[in-house]
Amino acid sequence: MLSYRHGFHAGNYADVLKHSALCLILEYMCKKDKPFAYIDTHAGAGSYSLKNDMAIKTGEFNEGVLKLWGQDHLPEELGPYMHAIKKQNKKGNLSYYPGSPQVALAFLRSNDAMRLFELHPKDADTLKKNTPSKSRFQVEHKDGYEGLKSALPPVSRRAVVLIDPSYELKSEYRASIKAIEMGVKRFSTGTYMLWYPVVDRKLVQGMEKYWVKTGIKNVLQVEYCREPDSPGYGMTGTGLFIVNPPWQLANQLTTVMEAMNRYMDSGKAVSRVVQLVAE
Ligand SMILES: C[S@@+](CC[C@H](N)C(=O)[O-])C[C@H]1O[C@@H](n2cnc3c(N)ncnc32)[C@H](O)[C@@H]1O
């Protein structure tokens, strides 16, 4: 198990959507002075070289972040995301891609906290090396679903939680939502983000039904599909469920996905933004 390595996929179109949303949420959290915690249950390695064998082998970033890099007329909704990318590439060439922990570090202030969990031994080790050593940042080589229990409620009573599984196990389509169910019981006002791939439409529909069944309120769903649904032929789209999103996020992500479609997919992608469960 645990054969997935995010280094093969860093900076692909799914990362562009996920990290753009994360940046917009973190930017919103920073509007208030009160500190918050960033909790990442599946943190990966933290940062990725785009010049190493993994990135070059798949070349996925060429069809993702590279299409936005150096563009002069991106909408302001992509500004926070490009800020995080530029922070990793100060020399001006796109050589590194920030994983979700580095994306978060582009926004966290001196009193915000961070809890990171990663199960793969190599990536957990790299993550530790990539994370500044500070008492308010904790990096743990352990199961993120277990870790989430210990991280909630946060001391600051404000938090953004990212759950970004690799879905190597089919059970994760349900387990990931159950983790948020547990989270919301402990801490109802947090913002929870859950990433999902579109590999089989039935699995996504199963998730949608389960969300409604949990009774959790205020769930936004965004989805961006590059290709028509084709079960058995890999990932054709990418999506996010977001509990307690900032109020303007739905509109902002509509604009982000329009820009992704223009710059990355020549208008051929199909996207949707749905208030899956009302407030
Ligand atoms: C999609 S990647 C994460 C990417 C990262 N969040 C980012 O956006 O840069 C999923 C990661 O979860 C790790 N993983 C898988 N199962 C896990 C678990 N139960 N707990 C913690 N990490 C896990 C994998 O090793 C992999 O590094």
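In this text, all values refer to a predicted model and were calculated from it rather than measured experimentally.

Caption draft 1: Expanded view of the overall build of the protein. Broken down by element type, the protein carries ten helices and ten strands. A globule of 279 residues ought to have a C-alpha radius of gyration of about 19 Å, and the protein, at 17 Å, matches this closely. For the protein, the spread of C-alpha atoms along the principal axes amounts to about 45 × 40 × 40 Å. Going through the 279 residues of the protein one by one, you find that 46% of them count as buried.

Caption draft 2: Region of the structure containing the sheet that holds strand S6 (residues 159-163). Reading across the sheet, the eight strands line up as S5-S4-S1-S6-S7-S9-S8-S10 and stay open at both edges, with mixed pairing between neighbours. On the outer flanks of this sheet lie strand S5 (137-140) and strand S10 (270-277), each paired with one strand and no other. Between one strand axis and the next, the sheet turns through 10° on average, direction left out of account. With seven bridges connecting them, strand S8 (residues 219-225) and strand S9 (residues 237-243) associate as antiparallel partners. When the sheet's bridge partners are listed, tyrosine 224 is paired in S9 with threonine 238. Contacting S6, strand S7 (191-198), S8 and S9, helix H1 (residues 13-29) runs over the sheet at an angle of about 20° to S9.

Caption draft 3: Representation of the site of the ligand in the model. Of all residues adjacent to the ligand, which total 21 residues, the nearest are His42, Gly44, Gly99, Ser100 and His120. Its residues assigned to classes, the shell around the ligand comprises seven nonpolar, nine polar and five charged.

Caption draft 4: Looking closely at unusual backbone geometry. The step from leucine 152 to proline 153 runs through a cis peptide bond, and the omega angle for that step is -5°. As for its placement among the helices and strands, proline 153 is situated in the loop between helix H7 (144-151) and S6. Even without being a glycine, tyrosine 167 presents a positive backbone phi close to 55°. Mapped onto the elements of the fold, tyrosine 167 is located in the loop between S6 and helix H8 (172-186). Looking at tyrosine 167, the number of C-beta atoms within 10 Å reads 18, which means it is partly exposed.

Caption draft 5: The environment of glutamate 146, seen in detail. Residue placement: glutamate 146 occurs in helix H7. Separated by 89 residues in the primary sequence, glutamate 146 and methionine 235 place their C-alpha atoms 27 Å from one another.

Caption draft 6: Summary view of helix H9 (residues 201-214). With 14 residues, H9 ought to run about 20 Å at 1.5 Å a step, and its terminal C-alpha atoms sit 20 Å apart, in line with that. Positive phi appears at glycine 215, one or two residues downstream of H9, with a value of about 85°.

Caption draft 7: Local environment of the pairing of S6. Taking burial as the measure, the five residues of S6 include five buried ones, the bulk of the element. Alternating residues of S6 divide into Ala159, Val161 and Ile163 and Val160 and Leu162, and every residue in both groups is buried. Sheet topology places strand S1 (residues 37-40) next to S6; four bridges connect them, and they run parallel. Paired with isoleucine 39 across the strands is valine 161, a residue of S6.

Caption draft 8: Looking closely at the packing of H1 against helix H4 (residues 79-88). Contact geometry of H1 with H4 gives a least axis separation of 8 Å together with a crossing angle of 105°. One element, H1, and the other, H4, form an angle in the roughly perpendicular class. Residues His19, Ser20, Cys23, Leu24 and Glu27 of H1 form the contact with H4, whose participating residues are Pro80, Tyr81 and Ala84.

Caption draft 9: Focus on helix H6 (residues 121-130). What H6 keeps buried is the set Asp123, Ala124, Leu127 and Asn130. Taken around the axis of H6, the buried residues stretch over an arc of 125°, which confines them to a single face. Opposite the buried face of H6, at more than 90 degrees from it, the exposed residues are Pro121, Lys122 and Lys129. As for H6, its buried residues are in contact with strand S2 (47-49), helix H5 (100-105), strand S4 (113-117) and S5.

Caption draft 10: Structural view of the packing of H7 against H8. One can describe the packing of H7 onto H8 by two numbers: an axis separation of 10 Å at closest approach and a directional angle of 10°. In terms of orientation, H7 and H8 fall into the roughly parallel class. Across the interface between the two elements, Tyr145, Leu148 and Lys149 of H7 pack against Ala175, Ala179, Met182 and Gly183 of H8. Residue composition of the contact of H7 with H8, by class: five nonpolar, one polar and one charged.

The rules behind each value
- Residues numbered from 1 in each chain as written.
- Predicted model: local features only at pLDDT ≥ 70, side-chain atom pairs only at ≥ 80, totals over all residues.
- Helix = DSSP H or I, 4+ residues; strand = E, 2+ residues; numbered from the N terminus.
- Rg over C-alpha atoms; globule rule 2.2 N^0.38 Å.
- Buried ≥ 20, exposed ≤ 12 C-beta atoms within 10 Å, placed from the backbone.
- Pairing = 2+ DSSP bridges.
- Axes fitted to C-alpha atoms, helices over the stretch in contact; angles between N-to-C directions.
- Contact = placed C-beta atoms within 7 Å.
- Near = placed C-beta within 6 Å.
- Nonpolar A, V, L, I, M, F, W, Y, C, P; charged D, E, K, R; others polar.
- Expected span 1.5 Å × (residues − 1).
- Parallel < 35°, antiparallel > 145°, perpendicular 65-115°, else oblique.
- Arc of directions from axis to C-beta.

Limitation: the analysis is restricted to geometry and does not speak to function.
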